[in-house]
Structures are given as C-alpha cells and as structure tokens.
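Here is what each chain is made of, one letter per residue.
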Amino acid sequence: MPALNYVGISVPRKDAVEKVTGGAKFLEDLYIGPMLYARIKKSTVAHGRIKRIDTSKAEKHPGVKAVVTGREFPNKVGLYLIDRTFFAVGKVRYWGEPVAAVAAVSEKSAAEAVELIEVEYEELPAVFDPREALQKEAPLVHEHLETYERVPVFYPTPGTNISNHFKLRKGDTEKGFAEADLILEREYHVPQMQHVTIETHKAAALWSHDGKLTVWSTAQSPSIVRQLLAKSLDLPLGRVRVISNYIGGGFGGKAGATMEGLVIPLAQKCPGYVVRIVFTREEDVQGTFTRQALYARLKTGVRKDGRITALQYEMIWDGGAYTEYGVNIVRAAGYSSTGAYDIPNVKTDSYCVYTNNPVGGPVRGFGMCEMQWGIERQIDEIARELKMDPLQLRLINGMKEGSRTASGQAVAHVAFDQCLQTVAEAIQWGRKEGRYRGKGIAGLVKAPAQPSNAASSAIIRINEDGTVHVLMGATEMGQGMLTAISQIAAEALNIPVEKIEIRVPDTDFSPYEWQSVGSRTTYTCGKAVQMAARDVLEQIYRLASLELGKPAGEMKLDNDTVYWLKDKSKQVPLKKLADSYKKDTGEGVSGPIIGRGSYVPTKMSNLDPETGQGNPGLFYCFGATAAEVEVDPETGTVKILQLAASIDAGQAVNPQLCRVQVHGGTIMGLSTALYEEIQLDRGRVLNPNFTDYKIPTIANTPPISSFILETAEADGPYGLRGIGEQPMISVAPAIANAVADAVGIDPRTFPLTPERVYKAIKEKEAGTHSIPG
Amino acid sequence: MSKNVTINFSVNGERETRVVEADLSLLTFIREQLNLTGTKEGCAVGECGACIVLLDGNPANSCLVLAAELDGKELLTIEGLARNGELDRVQKAFIDHAAFQCGYCTPGMIMSARALLERNPSPTDADIDEALSGNLCRCGAYQEIREAVKSCSRHNGEGRIE
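Per chain, residues are indexed from 1 in the order of the written sequence. Chains carry letters from A onward and ligands carry numbers from 1 onward, assigned in written order. Since the coordinates come from a predicted model, pLDDT governs what is reported: local features require at least 70, and pairs of side-chain atoms require 80 or more to be given and counted, while whole-chain, interface and lining totals use all residues.

## Topic: the overall build of chain A
Here is step 1 of the chain: In this text, helices come from DSSP runs of H or I with a minimum length of four residues, and strands from runs of E with a minimum of two, each type numbered from the N-terminal end. The number of helices and strands found in chain A is 18 helices and 32 strands.
Here is step 2 of the chain: For 773 residues, the compact-globule estimate of 2.2 N^0.38 gives 28 Å, and chain A sits close to it at 27 Å.
Here is step 3 of the chain: In terms of overall dimensions, chain A has C-alpha extents of about 95 × 70 × 50 Å along its principal axes.
Here is step 4 of the chain: The buried share of chain A, reckoned over its 773 residues, is 60%. Our radius of gyration is a C-alpha quantity, and the globule rule it is checked against amounts to 2.2 Å times the number of residues to the power 0.38. Counts of 20 or more other C-beta atoms within 10 Å of a residue's own C-beta define buried residues, counts of 12 or fewer define exposed ones, and intermediate counts define partly exposed ones; C-beta atoms are placed from the backbone.

See below:
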C-alpha cells in the first residue's frame, strides 16, 4: 500500500476546541424557541389495563398548552418489529411506560400538571423472568403478535411471548459430541445494564403552520429516525427534518427511534412552538433501552487434544416489554454464536422473549458481550478439566485465516492469535504471582449488525477557494466520526485535514446514513467519502486537462494545486478550477465542483431461516483482553492489578483516538464486570441514579495497556475496520477468568461484587459452590 | 410565588447584579439567565459533576447550590478559561492528550482539574484521582484525563520544572 499522508496520523479532534471551551452545542444548549416544556405521565404498574385516564385537571392547570394520551396518538414505531407505541394504548406493559404527556410554558407548570393526570389501572398478571415467560401458562405481554409488521428475517411465535426465534444449524452436532472426549454443559447469566450516558435522552419538535415537522434529537441516527417517524405519522419523508447535534454519549442507547414521538403530538397541537423534553436521570434509566438480560446454556464437546468438536447454545433473552430493536440483538448473537472460535458443529437457538421488564435494546457490543461471556467462561472451565493452559486452548480453537463463523461465513485478514498472545505477554502470562492473585484472558470478535443493504452516502463540495466541505449523515457522539471522516477525505483528496470542514447531521442537508451504530460508520462512511473524492477528482482533472492541455489521466491534486505528473511546472491553482471555471475568453465551462459517494455493501446476504447459514458480516474485528487480579478473601473485593487490551483495527485512522476508544471500551467492560447491574423489583428499577447504579470514577480506573494491531481489511477504506464496541466485549470474562484463577470459584454471572465473590468463596470452602446468584 | 433576591457577583471576571428567584438553582441560572451553556446537567442531584463550576476558586456542583448563594462571590465557568482566544493550559492539555470523547463531562472535569492545580500545583496520581472522583466520564477517558492533568503539574510528570 502506498504511504499515507493523513490516515494513520494523530491529528487533534475536529471538535476539540469547541468541547474544551464549552462552545460545543448539545441539544439542550440550543435556543430553539418560542418553546414549550414537556413532561410525561408514567405508568405505576408493570402490566395493567388502563381503565380510565382523566386529563381534565391538567388541561386547566395554569401554563398548560396541550395534553396528549395514547388514545389520541396510538401511532406505532419500530425498527425491525413494529410492536411499540410512543404512549401506552389500552394497557401498559412496563413500569414507567409513558401514558400521557403535557406541554406547558415552564418546566414547573408541566411537572405540576402531570401530577394532576389521573390514571386508573386494572393490574394484570405480569412476568419478569423470560424463562417463566416461555411457559404455557405465562401471561401474554403482546396478545396480537401475529398482526405486527416486521422485517421478514425475524420469526415471532404468535400466541407466545417469543418475538424472535433464531435458529442456527451448522454441521452435525450429534457426530461432533460423539467425537468428544469431554462434554461440558453449564448455565450462564448476564444481567440488565444501562448506558447511563452523562447526557440523558432529549428531543424537541416543531410543527410548522404549513405542516412540516422538525425534530431535534439526541438520536445516533437521524436518517432512520426520519424514516421511522414519517412512517409512523404517515408523512412524506421530505416533510420530516431531523437534526442531531453533538451527542453526550450514545453506546447504542440513542440508536433507532427512542422518545422523539413523545413531543410530536404536543407539537402538532401547538404549531409554531418548539416542544422540548429532557429526560431526568431516573426516566433515562427506567424508560430507555437497557441491555437485555441473558440466560444461556452452553454444551461444548472437546477432544483430549483441545479441539472443540461441537457446541450447543441456547440463549433466552429478556427482551422486556417491547422488542422492536431487540429482536436483532438476538439474531446477531445467534449467527455469531461460536464467538472468536472455529467450531465445526453447532446448534443454536436464540429466543427473544417479552417480559414486563424495561425495554431491552442495543448497548455497545450488541449481544456480543452477553453471548461471548458464556463462551469465554466455558473455555476456561474446559481448560481446567483438560489440565490445559486456557491460552493454549484458545489458540488451538481460535479463528484463523479462512475459518468459518457459526453462520458459515469465511473470515479473512485474521490475526486473532496475535491479539491473544500480545495481551498474554503484557501481563506475563503463566507466572503465578501470589496466593490470591490470578490471571485471566478472553478473546472477542464482532461484525457490525446491520441489514445487508445498510447504506452510507457522502457529498464533497469544493469551495470556491479550494477548501472542502464534507457532508455526511453520521453523528458525533464522542467516537470521533468528524475527525476520522475528515482524515479519510483528506487522504482521498490529498488536501490537508485543516482544510476539511464537516458538521453534525441535519437530514434536510446531509445525505443519507443508515445508522451510526455497530462500529460501522468509519468503514461505510469512509467508503462513501472515498467514492465522493474520486468523483471530485475526476471533475478537477477534467478541468485541469482543459486548462493545461494535457490528458486528465495524468493529473495530480496536491493541496491547493493541480499539476501534470510528467512535468510539475505545468500546474493550475485548484481555486481557479473550483470557482466556476471559465475560459480566458470569459465563456463559462463548469459550475461548482460537487462529488457524490453512495455506498452499499454487496457481499452480505440473508440467512437461511432453518440453518442460519449465510454472510451476515460486513467485516469481522478481533481482539482480546487479559487481566491480573487480586481477591481479598475476607471481603470478596476484586482488585485489578493489570489490564491489557488488544484490537485489530486493520488501519488506525487516528492512533490516539483509536487508543482512547480502546481504553474507554475496556473501562466500560470493567465497569460491567465489577459494578453494573440494573436492580429490578417487579419491573421497577430500584437503582435509577449514580448513587445506587455505580460506574467507575477516575479513582477506580487502573492503568490499561493497549495494543492496536493493523492487519489490513482488504475491502476497508485504507484497510481499516471499525473498533468502537469491540474493546468492551472480552473484559468481563477476562476478569472473571482471573478471579477464577485467583480463588478457584467459577463465576457464571456478573458483576463480581464483593458480596457475590465472598459468598462464592464461602460456598467453595463449604463444598457447596455451584452457580452463584 | 417564591421571593426574589438581589445578588452581586462576578462571572468570569465581570461584575454583575441580578435579581433571582430564591429557589432558582445556580445551574439553571448559569445556563438560562447568564446563557453560559458550557456548564452541563447530568443528574441534577450532585452525583455526576457535569455541572461543576468554581465559586471563589472552589469546585461546586452548581445543581446543588442556589443562585441566591452567589451573592458576594466570584463565579468561574468553562467559558471564562480561554483569554483573548488563547486556551488555558488545562484546556490545551485535554486536547493534547485527547482526554475526552463525547465532551459532555469535559467542562466539569476541566473545572475540577483547574481547582486542583490552583491549590496543589504538583499533584500526584492519587491527588488527581481524589480531586476528580466527583466527575463521571462514561466514555472512560480517565487514563487520558489523568495524563492531561499530570502534564499541567509544575513537575510536569517527569520531574521537570516548567
């Protein structure tokens, strides 16, 4: 590959100065008035028929401009399975579900008015455990599942609580288990967690007098929000405009359409006003996507030499009350169900199950943290049974060039063994350091989970002076999109990054982007930007050819000048070509230079409905985590002594930002390993605040050693692949494996709180250690 | 209706006199009446530190303070750090070390760091961890934040005196 000038360089973030000066505008920082403030009335039961809603007192409250309920606004919304209404209609399915909303002239008036709304419920039998929800006698959360519109790659079972059953059959598991010398079967569990972005979810809507809808949202994906809202409201796409400003953290929680619909009917009732809603922390934790809990059963067959011969994987996911997005997490976990390992015979059943718990949805990793927890724990348990080094067992079974995933897709440009060995070396693998100290390792793999035709597009405008505007539909939520895309544009055009301008998206002006999710946009938007740059260069070289009288194919753009490759002295300033180029006679030749890039993956395919076989991955990104811990047997406290992370980025566009992302993902993984768990009591979140829902501070953050590998992805722009979610995936199992090594307990769930670890140690001493809580 | 209170204070070096409702939070006052939106709200109950400003040089969660308490005090917000277009050294260090991603916690984080460095120009890692443990960063840029603050130390991390 030729040397790169702008990709692979750690330039400062494009948004850096704005973000350190307080100048970066997040949604709530915009004055988009005249404004009304919205608040929601939330259900106080987890499952109940709405017998009566009386909004009359709220409507008369001073300052109130509009009140809306689900009766008036029953509109449905959903990405993959349209099962969700913005407001409860007829019945509520989870605690905290919006049943009504108020718009008023002040926050205070709106808050007072929602208290005046009277709602009477007839409580219905509820179900809070997906395993119980699968039983015949379980109450149905959605009685009319068969009537819901869905993308046809999802398979609900009407008359049950199953909203998607993903099946995968690869090879012959009976034969595989027959070949095994050891068969291990265990259950694993992953609890709900929440993104707790420091900026909560927010949205604002303006219904103009001419019937046009403008929505400001903390959404990760304005194009998809526009599409879903237009469908829900039966509006032409062109009349809906969605703007996403800087987003104060996403991690999947702001993917899809979330709460924008709460303010739209209020805005429709108050044309000309911007109606804004700002979720409180409690509303954010209770009422936005949580990570779906997983109950997993793994059965693995392995030969004495360490080769895994068969895997049977059953996953029961707690989808919560609505699974419009969650059904695809269940699918992605299903088609990836061997994790980073090459297993010839696989039988997987992955079930998305409705309960009356909070709504499940995307969280960094999109099912991979949950699904690979069981894989990575079980490998360590097998290694112990075989008296084999867990690293060695991983190297034997780990995917290599040409290995096939669970869905039968061949993987390429794979350096998983290097990912493992790098982190192992970093923590001096194999050296036992002390009685209560232990080391653990885990691998990871993830492909973007997206429809096979999820597209990206880009427009490049060459300004009259030769500077550049790149227009994209991707969002900036911290991942560094603005910077990475600028660097790719700079590289593709050969114009310095400082001359490239790029902004956060507005669907009226930005070209289409499916979603900023799945660690995909640096790749997919990068592809679109490369295409747009090629289009721009063709136009520039055509004009330069006219100007210099040499063939267009022999031109080269370097910053502000186009020159002839065979004689550099034959050159023309870019600005002469860009400012509506004209002949010396004054006759115009060409208007402004605008390049177009439009990208769609062409190698992905649907999966066979019976076997789950096919090509669901745009690219596969591998990595690994290794940890050394010390456990205090008197208190159960786990102390992280060393933490190392590796990721194969293909090509780091900006090594510094890449490293920050790896550290950030590792810390989020560490946080789930040790602290995070949504505590539920009959569907009600008991810890909807930072006092009770702990995330790490700087003081809980150990130093992390990070290693960026660069095994180029052949089809990726400059060989890159996305790495945003990946670093989180292997952290919890690596830490749990280290704890197991330290004190001989076998964590089957996390977080590894002192209480849980202490109890497991005591149970082990008493000889009753089985599956902790 | 709550009582109104007249307050005299300085904000980012400028003297001001305002009349505020007695129950108005300092955070709301800063954002909605002084129009300084760099200070953020993340929890409204003093748990996350996104709203930290300096009152007479001391860090305060502005969501927990009443605007009325500003009377007679000096308020410094994130907007007050850069002078004549020149960034303050903590701001520069945060950029150099890429000590943020989404940037939502950054103003509060920088204000806490600023307060630390004013009272302790050569903080150790432990000092930094203690001083910034009231600021949550969900993107997890803590390692870079620690390095950024350390680089502002008089000993500049490597024992050099600036």
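Structure's up, so let's keep going.
## Side note on the environment of S217(A)
Residues and elements named next belong to chain A.
Here is step 1 of the chain: Here S217 is to be found in strand β12 (residues 213-217).
Here is step 2 of the chain: Placed 40 residues apart in sequence, S217 and A257 show a C-alpha to C-alpha distance of 9.4 Å.
Here is step 3 of the chain: With near-sequence residues (within four places) excluded, S217 lies in contact with A203, P222, V225, V242, S244 and E260. Once C-beta atoms are placed from the backbone, any two residues with those atoms within 7 Å are in contact.

## Concerning the domain arrangement of chain A
Residues and elements named next belong to chain A.
Here is step 1 of the chain: Taken domain by domain, chain A consists of domain 1 (16-23 + 454-599), domain 2 (32-124 + 198-249 + 254-287) and domain 3 (290-450 + 606-766).
Here is step 2 of the chain: Domains are outlined according to an automatic or database domain assignment. Placing a centre on the C-alpha atoms of domain 1 and another on those of domain 3 gives a separation of 39 Å.
Here is step 3 of the chain: Listed per partner, the contact involves 18 residues of domain 1 and 23 residues of domain 3.
Here is step 4 of the chain: Elements that contribute at least two residues to the side of domain 1 that touches domain 3 include exactly α13 (481-493) and α14 (521-548).
Here is step 5 of the chain: Grouping the amino acids of the side of domain 1 that touches domain 3 by side-chain chemistry returns six nonpolar, nine polar and three charged. Only Asp, Glu, Lys and Arg are considered charged, only Ala, Val, Leu, Ile, Met, Phe, Trp, Tyr, Cys and Pro nonpolar, and every remaining residue, Gly among them, polar.

## What to know about the environment of D210(A)
Here is step 1 of the chain: Mapping D210(A) onto the fold places it in the loop between β11 (202-207) and β12.
Here is step 2 of the chain: Along the primary structure D210(A) and G272(A) are separated by 62 residues, whereas in three dimensions their C-alpha atoms are 9.7 Å apart.

## Comments concerning the domain arrangement of chain B
Residue and element names in this part refer to chain B.
Here is step 1 of the chain: Along its sequence, chain B is carved into domain 1 (4-80) and domain 2 (89-151).
Here is step 2 of the chain: Centre-to-centre separation of domain 1 and domain 2, based on C-alpha positions: 21 Å.
Here is step 3 of the chain: Contact residues are listed per partner, giving 14 residues for domain 1 and 13 residues for domain 2.
Here is step 4 of the chain: The element best represented in the side of domain 1 that touches domain 2 is strand β3 (residues 52-55), accounting for three residues.
Here is step 5 of the chain: Residue composition of the side of domain 1 that touches domain 2, by class: eight nonpolar, five polar and one charged.

## Here's the deal with the interface of chain A and chain B
Here is step 1 of the chain: Taken together, the contact pairs 42 residues of chain A with 41 residues of chain B.
Here is step 2 of the chain: Counting only elements with at least two residues in the side of chain A that touches chain B, the list comes to α1 (16-21) and α16 (655-674) of chain A.
Here is step 3 of the chain: Here the side of chain A that touches chain B gets seven residues from one element, more than from any other, and that element is α16(A).
Here is step 4 of the chain: Of the residues belonging to the side of chain A that touches chain B, the class tally is 20 nonpolar, 16 polar and six charged.

## As for the packing of helix α10 (residues 368-386) of chain A against helix α17 (residues 731-743) of chain A
Residue and element names in this part refer to chain A.
Here is step 1 of the chain: Lines fitted to C-alpha atoms define the axes, with helix axes restricted to the stretch in contact, and inter-axis angles between N-to-C directions lie between 0 and 180 degrees. Across the interface, α10 lies against α17 with an axial gap of 9 Å and an inter-helix angle of 30 degrees. Of the possible angle classes, the one that applies to α10 and α17 is roughly parallel. In this structure, α10 crosses over α17, and the sense of that crossing is right-handed. Note on element contacts: α17 touches α10 through A732, P733, A736, N737 and A740, opposite C369, Q372, W373, E376, R377 and D380.
Here is step 2 of the chain: Of the residues that constitute the contact of α10 with α17, the class distribution is six nonpolar, two polar and three charged. Orientation labels follow simple angle bins: below 35 degrees gives roughly parallel, above 145 gives roughly antiparallel, 65 to 115 gives roughly perpendicular, and whatever is left gives oblique. Less than a right angle of anticlockwise turn of the near helix away from the far helix marks a crossing as left-handed, whereas a clockwise turn marks it as right-handed.

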